[in-house]
Amino acid sequence: MSTVSSPASSSSSNQALPLATRADSLVGSVIDSSTTLLAAYTHDIVKFGMGAPAPDMLPSTEFARIAKSVFSPESFTYGETQGEPVLIDALLKYLEDTSQIPEEHFGNRERLVITSGGMQGLDLGFKLFVSPGDLVFCESPTYTNGSATAMSYEAEVVEVPVDHEGMMVDELDELVARAGRAPSVIYTIPTFQNPAGVTMSLERRQRLLEFAHRHNSVILEDNPYGTLRFSGESIPTLSQLSPNDPLIFGVRTFSKFVAPGLRIGWLDIDPEIRGLVINAKQTMDTCTSVPTQHMVAQWLNEGGANDHVDYLRGAYLERKKTMATGLERLFGDEVRSTDPDGGFFLWVTFEDETINTEDLLPVALEEGVAYIPGPAFSPAGSFTNALRLCFASNAPDRIDEGLQRLRSAVDKHRPPHSRARH
């Protein structure tokens, strides 16, 4: 049991609160906390930090119109825990029409559960499959909101290196041998990974499936960005490679290709555990917001997603190119960067390993640019000379301005004798 001291009172001046042991594992999120951090600054800041669409990328006008047409008294009461039937039906048709699920899943609405954002999906997955002390393998770097959720269920998190082809699956057997046991869950973002932007190759996806079946490990496939491919050839998801696989727990969200404020996601799971998922969700929030489910359902039924996603793909390709070109122009060989075919992010590493991006951040904020430092994407705090930049959040002219400010911050942060010419 963990304890913290309570404020002084008339009855006790040093009484400890009886916190649960897992309270020590609640590490929070540097990524989410960046929103509060930025609120303390009053000057203009180009925001490359949060992985969110820019305001001009949100279909707000459409949703304002839809709200007037679909809202009724029934929209503001409790709904079904597994999701509003109108949304499940609209979502299933959208996934079928856009070939985002294997044909074996067509017509099977029992595979879908609507969640309050993708994060609730991750929480449900770890809640169901992680017992205290279990191993969870995650990518390194990774989306640490995911690994932190595993840790909140007292998992032992093991980081697996990532390269340009995603998780280095060949490392898994060695990690199992070293630990003396296999993971209960493998947490992966195989497509346009957060933060690196890389995509797991087809060969590695097949080897990951083979490993999971050999060790009876659940693959928690987090796929927030899969719809946002703007170049290159599509690679099948893990569930497309292995349809009706009970070891694949798929987590999706509307946050990245519609709007994060909706707080709606969904699970694509084995129908056999749907009842357990519903039971678990009922301990959290009873149901996902009914009004927003009704809006999204109508938007999908009107075909709004198709045109909107096409628009996003074109815009994000332009923004990625602008950011990549700007990094090359302003930093040259001082940095190396990933080159994603979709998603939101560039992962930038300084060749000068003495540059600590956590120490650089206050200087950057004063210069008017925000990013997320590399250690925020590692439970162990690695990647001190790296940072994540979100190209989706700003128009091209703002991207150029933000990179100029980052250049200025780096020059001010480094001692004069160590500044490379650029």
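Residues numbered from 1 in each chain as written. Predicted model: local features only at pLDDT ≥ 70, side-chain atom pairs only at ≥ 80, totals over all residues. Heavy atoms only, no water.

The name given to the protein chain in an unreviewed UniProt entry is 2-aminoadipate transaminase, with Brevibacterium sandarakinum as the source organism. The annotation that UniProt attaches to the protein chain under Cofactor (unreviewed entry) is "pyridoxal 5'-phosphate". Its UniProt record gives the protein chain the following Subunit (unreviewed entry) comment, quoted word for word: "Homodimer." (UniProt positions renumbered as here; feature names shortened; annotations may be inferred.)

Novice: Would you take a moment to explain the sheet that holds strand S11 (residues 265–268) for this structure?
Specialist: Adjacent strands of a sheet form backbone hydrogen bonds with each other and so pair up, either parallel or antiparallel. Read across the open sheet, the 8 strands follow the order S4-S11-S10-S9-S8-S5-S6-S7; overall the sheet is mixed. Edge strands, defined here as strands with exactly one partner in the open sheet, are strand S4 (112–115) and strand S7 (166–167). Relative to strand S9 (residues 218–222), strand S8 (residues 185–188) runs parallel, the two being bridged by 4 bridges. Bridge pairing in S9 links Ile186 to Ile219. (Pairing = 2+ DSSP bridges. Helix = DSSP H or I, 4+ residues; strand = E, 2+ residues; numbered from the N terminus.)

Novice: Just checking my understanding: could you explain the domain arrangement of the protein chain for this structure?
Specialist: Think of interface size as the accessible area that goes away when the parts come together; that is how it is often given. Each assigned domain of the protein chain is listed with its residue range as follows: domain 1 (23–57 + 307–413) and domain 2 (77–302). For domain 1 versus domain 2, the separation of C-alpha centres amounts to 25 Å. The interface is formed by 34 residues belonging to domain 1 together with 33 residues belonging to domain 2. When the two sides are added together, the surface that domain 1 and domain 2 hide from each other amounts to roughly 2700 Å², 64% of it contributed by carbon and sulfur. (Domains from an automatic or database assignment. Contact = heavy atoms within 4.5 Å. Buried area = accessible area lost by both parts, 1.4 Å probe.)

Novice: I keep staring at the sheet that holds strand S13 (residues 345–350) and nothing clicks. Help me out?
Specialist: If you walk across this open sheet you meet the 4 strands as S12-S13-S16-S15, and the pairing is antiparallel. Edge positions in the sheet fall to strand S12 (335–337) and strand S15 (372–373), since each has one partner strand and no second. Relative to strand S16 (residues 386–390), S15 runs antiparallel, the two sharing 2 bridges. By the bridge assignment, Ile372 is partnered in S16 with Arg388. Set on the sheet, helix H11 (residues 304–331) makes contact with S12, S13 and S16; between it and S13 the angle comes to about 15°. (Axes fitted to C-alpha atoms, helices over the stretch in contact; angles between N-to-C directions.)

Novice: In this structure, what is going on with the UniProt feature "domain: Aminotransferase class I/classII large" (unreviewed entry) in the protein chain? I would like to understand it.
Specialist: In the numbering used here, UniProt assigns the "domain: Aminotransferase class I/classII large" (unreviewed entry) feature to residues 70–406. Helix makes up 39% of residues 70–406 and strand 17%, and the two end C-alpha atoms of the span are 45 Å apart.

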